[in-house]
Amino acid sequence: MLFRYLFILIILLPIKAFALIEVDITRGNLSPLPIAVSPLSIDEKSKESFNKILKNKDMGLEISIVVENNLKQTGLFNPLNKNAFLQKPDIAHLKPRFEDWALIKAQALITGKVTFIDEKLRVEFRLWDVLAAKEMMALAFTTVPSNWRRVGHIITDKVYERLTGEKGYFDTRIIYVSEKGKKVSRIKKLAIMDQDGFNTKYLTLGNELVLTPRFNPTNQMVTYLSYFRNLPRVYLLDIETGIQEVVGDFPGMTFAPRFSPDGKKIIMSFAMGGNSDIYTMDLENRIVERITNHPSIDTSPSYSPNSKYICFNSDRSGYQQIYVMKSDGSNVKRISFGKGIYGTPVWSPRGDLIAFTKMHKGKFYIGVMRTDGSGERLLTENFYQEAPSWSPNGRVLIFYRETKTDEKGEGFSAKLWSIDLTGYNERLVETETDASDPSWSSLLSN
Amino acid sequence: MIRNIAISSTFHLFIVLIAAMSLPFLSKKPIDLPPIISIELIQITDKTNIPFAPKAKKIIEKIKKKEKLVSEQAPPKIVKKEKPDAVPLPDEKIEKVQKLEEKKQNPEKIDNEVKQVSEFEKEELFDPNSIAALIDKSKEETAETNKKTNKITQDQDRSIDMTGLSLSEEDALKAQIFGCWSIPLGLPYNENLLVRIKLKLKPDGSVIRSEILDHARMNKPGQGFYKVLAESALRAIKLCQPLRVPTTGYERWKDLQLNFDAREMLGG
């Protein structure tokens, strides 16, 4: 017996001596990362040149404000107040005194330099890890001075990607339907703006009703619904050239268009004789293909990012629900089973989720579910809201919400809102007019 | 025939009984452990205030009793018992000492000692055998007084030897790092989000060296998120310096491994 114990002891002793203590850290805080965006340094001569062209006093400061606002919008970063900065921009850009930045609790620091060379804007910036006291990234861009806001967005994209590990969504645009006037005689125009609400441009004059604009995920083409001789038709618009055309020659109404992930096809609904089904049209050879063939109303199709599946909306079970099928129309499966009516499914660019609008007991919800219908999460609830559209990295949704402007319920206003996947970071997206049906473009630069 | 059956059945019964008594573990079911619930402790002292477990208490009480016994017994042994033995026969003993020490190699020292012995004969007692005993006891006594003063920490050390850090020590460290670690929120949900970092610490808890164990993964294509996660973990360690480590047992925790796991937080 004694020997047995001794034997066990002999076995155990060495383990005891060499065991490395391991501590599991399974939690952290989800509070935004404190980041300092130092104004980009600029010499007096460049400052004057920019002031002449663009009428802004300090280009370095302006660009840093663009970056700062972008970072704040994400809800993942907490840009620190510039008044607390101890170091001047030009010295900080050469070699920051990390102790000073750590003192104001910054964990990351962005510095930069703006110069005016050969009528062009040159911006270089660096991202610093304050706690590790090292440089994380350094890049430089040259562009025409009027593009300065885009430079701010590109810097944000790079910083965002470096610090979060996923692609950014700042150098993007949003197309939407701008609305003006009373509800009965509303003028609707197609409008496009930067994702932060600046640089709004109107693409149509407002003579015809326009609805559901959608960006091509690969370039700057847009497909949308407009009325042609009182018949709704799917149109195609090249934003760069302004050329417009009708998609296909269908003997009835076509609606709910969307591009395929490679941008080469348009998928849409075509209604005839009280029945609507899903069709695709190849933009190169104009071949039309019928995908669904069912006596119910099938609409709102959206491709998965790998083009293998399509999610859509159908009332074949009696109520409007979300279905998924293979891209050739086979293997149709219902995925939404919760209470209420589901509509406008959109497949995330990341491929893992489907966003939708849900109506239940007179309330509208924007939510997401996995592609097999599990894990349904409602992100936001309101009186009336719909049409979610994904940011190119699949992290944020933009949608529109209508609110009553007076107590009688007369008059209403429609605004764009964004919400991220956590459901906590809901923000109003400022637009010049009322707005609906937003669609997010892909990144303009890659 | 009946007798055979009886013998057979008694032997069978005997075997069954032996099996039942000597192999009880066979009948035991595996223990069902309830799921571990992690609790965040907010205020934590440096030392464990948790009352001793019943077993440990018994052991401590035993030690206390032993200490008492020793301290009570020791003085009488020295003063009362040995004096009367030594006093009546001083000459004989001195002789014995001389004899014993003559056999040894250093006679000079012995002479001195012998002289001293003779001078303080009446007060001190010099049983050559008991000298050794005295020396030993004084050692024991000092050891026991040490035990008395350091009792708590030594007991802690024992438990720590078995488990690494004590629960409250581990919790203190965890709670500190939880507060420092800003988890990057853009990470994919379905990936392996474990970063293991090995630290070498100074006694005050500041970090001498930190090393990411799966360093190769940092620059693999398609694993960009891992770099982001690893950097956030390193930032957390830097921000938390000096780490809230126990005040004792530096040897134990001078090498420490932190496993940063974001899966739970991101709902993977």
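Everything here concerns the structure above.
Structure report, in brief. (Residues numbered from 1 in each chain as written. Chains lettered and ligands numbered in written order. Predicted model: local features only at pLDDT ≥ 70, side-chain atom pairs only at ≥ 80, totals over all residues.)

1. Re the overall build of chain A
For step 1, the next point in the chain: Within chain A one finds 6 helices and 31 strands.
For step 2, the next point in the chain: Projected onto its principal axes, the C-alpha positions of chain A cover 90 × 80 × 55 Å.
For step 3, the next point in the chain: Each of the 446 residues in chain A was classed as buried or not, and the buried ones make up 44%. (Helix = DSSP H or I, 4+ residues; strand = E, 2+ residues; numbered from the N terminus. Buried ≥ 20, exposed ≤ 12 C-beta atoms within 10 Å, placed from the backbone.)

2. Observations concerning the nonpolar core
For step 1, the next point in the chain: Among the nonpolar cores identified, the biggest contains 131 residues, and I35, I63, A108, I354 and A355 of chain A together with L229 and A233 of chain B are the most heavily contacted of them.
For step 2, the next point in the chain: Excluding residues that lie within four positions of it along the chain, A233 of chain B makes contacts with W181, V195, I197 and F260 of chain B. (Core = buried A, V, L, I, M, F, W, Y, C linked by C-beta atoms within 7 Å. Contact = placed C-beta atoms within 7 Å.)

3. A word on unusual backbone geometry
For step 1, the next point in the chain: With omega at -10°, the peptide bond leading from Q241 of chain B into P242 of chain B counts as cis.
For step 2, the next point in the chain: Checked against the element boundaries, P242 of chain B lands in the loop between α9 (224–240) and α10 (250–253).
For step 3, the next point in the chain: The residue A133 of chain A is not glycine, and still its phi comes out positive at about 55°.
For step 4, the next point in the chain: Mapped onto the elements, A133 of chain A comes out in the loop between β6 (120–129) and β7 (134–143).

4. Let's talk about the sheet that holds strand β14 (residues 244–246) of chain A
Residues and elements named next belong to chain A.
For step 1, the next point in the chain: Taking strand neighbours across the sheet as the criterion, the 4 strands line up as β11-β12-β13-β14 in an open arrangement whose pairing is antiparallel. At either end of the open sheet lies a strand with only one pairing partner, and these are β11 (210–215) and β14. For this sheet the average axis-to-axis angle between neighbouring strands, irrespective of direction, equals 30°.
For step 2, the next point in the chain: Alignment of β11 against strand β12 (residues 221–228), held across 4 bridges, turns out to be antiparallel. (Pairing = 2+ DSSP bridges. Axes fitted to C-alpha atoms, helices over the stretch in contact; angles between N-to-C directions.)

5. Description of the pairing of β11 of chain A
For step 1, the next point in the chain: Burial analysis of β11 of chain A places 5 of its 6 residues in the buried class, the great majority of the element.
For step 2, the next point in the chain: The hairpin turn running from β11 of chain A into β12 of chain A, its antiparallel successor, is 5 residues long.

6. Re the interface of chain A and chain B
For step 1, the next point in the chain: Across the boundary between the two partners, chain A contributes 25 residues, which contact 36 residues of chain B.
For step 2, the next point in the chain: Looking at the side of chain A that touches chain B, the elements with two or more residues in it are β1 (21–25) and α6 (148–164) of chain A.
For step 3, the next point in the chain: Ranked by residues supplied to the side of chain A that touches chain B, first place goes to β1 of chain A with 5 residues.
For step 4, the next point in the chain: Considered class by class, the residues forming the side of chain A that touches chain B number 11 nonpolar, 7 polar and 7 charged.
For step 5, the next point in the chain: Sheet topology note: the β1 of chain A/strand β3 (residues 255–261) of chain B ladder contains 5 bridges and is parallel. Across the sheet, I21 of chain A pairs through a bridge with L256 of chain B, a residue of β3 of chain B. (Nonpolar A, V, L, I, M, F, W, Y, C, P; charged D, E, K, R; others polar.)

7. Section: the packing of helix α8 (residues 167–180) of chain B against α9 of chain B
Residue and element names in this part refer to chain B.
For step 1, the next point in the chain: For the pair α8 and α9, the least separation of the axes is 8 Å and the interaxial angle reads 115°. By the angle class used here, α8 and α9 are roughly perpendicular. Handedness of the crossing formed by α8 with α9: right-handed. When α8 is examined against α9, the residues Q176, I177 and C180 are found in contact with a partner set consisting of A236, L239 and C240.
For step 2, the next point in the chain: Classifying every residue of the contact of α8 with α9 by side-chain character gives 5 nonpolar, 1 polar and no charged. (Parallel < 35°, antiparallel > 145°, perpendicular 65-115°, else oblique. Left-handed = near helix turned anticlockwise from the far one by under 90°.)

8. Here we look at helix α3 (residues 59–74) of chain A
Residues and elements named next belong to chain A.
For step 1, the next point in the chain: A rise of 1.5 Å per residue sets the reference length of α3, with its 16 residues, at 22 Å; its end C-alpha atoms lie 23 Å apart and thus fit the reference within 8%.
For step 2, the next point in the chain: For α3, the complete set of buried residues consists of M59, G60, I63, S64, V66, V67, E68, N70, L71, Q73 and T74.
For step 3, the next point in the chain: Downstream of α3 by a residue or two, G75 has a phi angle that is positive, lying close to 80°. (Expected span 1.5 Å × (residues − 1).)

9. A word on the pairing of strand β17 (residues 275–282) of chain A
All names here are of chain A.
For step 1, the next point in the chain: In terms of burial, β17 is largely enclosed, as 6 of its 8 residues are buried.
For step 2, the next point in the chain: Looking at chain direction, strand β16 (residues 265–272) and β17 are connected through 8 bridges and run antiparallel. Paired with I267 across the strands is T280, a residue of β17.
For step 3, the next point in the chain: Once β16 ends, the chain turns through 2 residues before running back antiparallel as β17, passing G273 with a positive phi of about 60°.
For step 4, the next point in the chain: Two elements, β17 and strand β18 (residues 288–290), share 3 bridges in a ladder whose sense is antiparallel. Paired with Y279 across the bridge in β18 is R290.
For step 5, the next point in the chain: Connecting β17 to the antiparallel partner β18 that follows it, the hairpin turn spans 5 residues, and R286 within it adopts a positive phi of roughly 60°.

10. Here we look at the sheet that holds strand β26 (residues 377–382) of chain A
Residues and elements named next belong to chain A.
For step 1, the next point in the chain: Pairing within the open sheet is antiparallel, and its 4 strands lie in the order β23-β24-β25-β26. Across the chains shown, the open sheet's two edge strands, defined by having one partner strand only, are β23 (341–347) and β26. Here the strands of the sheet are splayed against their neighbours by 20° on average, with no regard to which way each runs.
For step 2, the next point in the chain: Bridge analysis of strand β25 (residues 363–370) against β26 gives 5 bridges, and the strand direction is antiparallel. Bridging across to β26, F364 finds its partner in N382.

11. Quick word on the packing of α3 of chain A against α6 of chain A
Residue and element names in this part refer to chain A.
For step 1, the next point in the chain: Between α3 and α6, the shortest axis-to-axis distance is 9 Å and the interhelical angle comes to 45°. Relative to α6, the element α3 lies oblique. By crossing handedness, the relation of α3 to α6 is classed as right-handed. Where α3 abuts α6, its residues M59, E62, I63, V66, V67, N70, L71 and T74 lie against W148, R149, V151, G152, H153, I155, T156 and Y160.
For step 2, the next point in the chain: In terms of residue class, the contact of α3 with α6 is made up of 9 nonpolar, 5 polar and 2 charged.

12. Topic: α8 of chain B
For step 1, the next point in the chain: Taking 1.5 Å per residue, 14 residues should reach 20 Å; α8 of chain B reaches 20 Å between its end C-alpha atoms and fits that length.
For step 2, the next point in the chain: Buried residues of α8 of chain B: E169, D171, A172, L173, K174, Q176, I177 and C180 of chain B, and no others.
For step 3, the next point in the chain: Those residues of α8 of chain B that are buried are in contact with β1 of chain A together with α9 of chain B.

So yeah, pure geometry; function would need other evidence.
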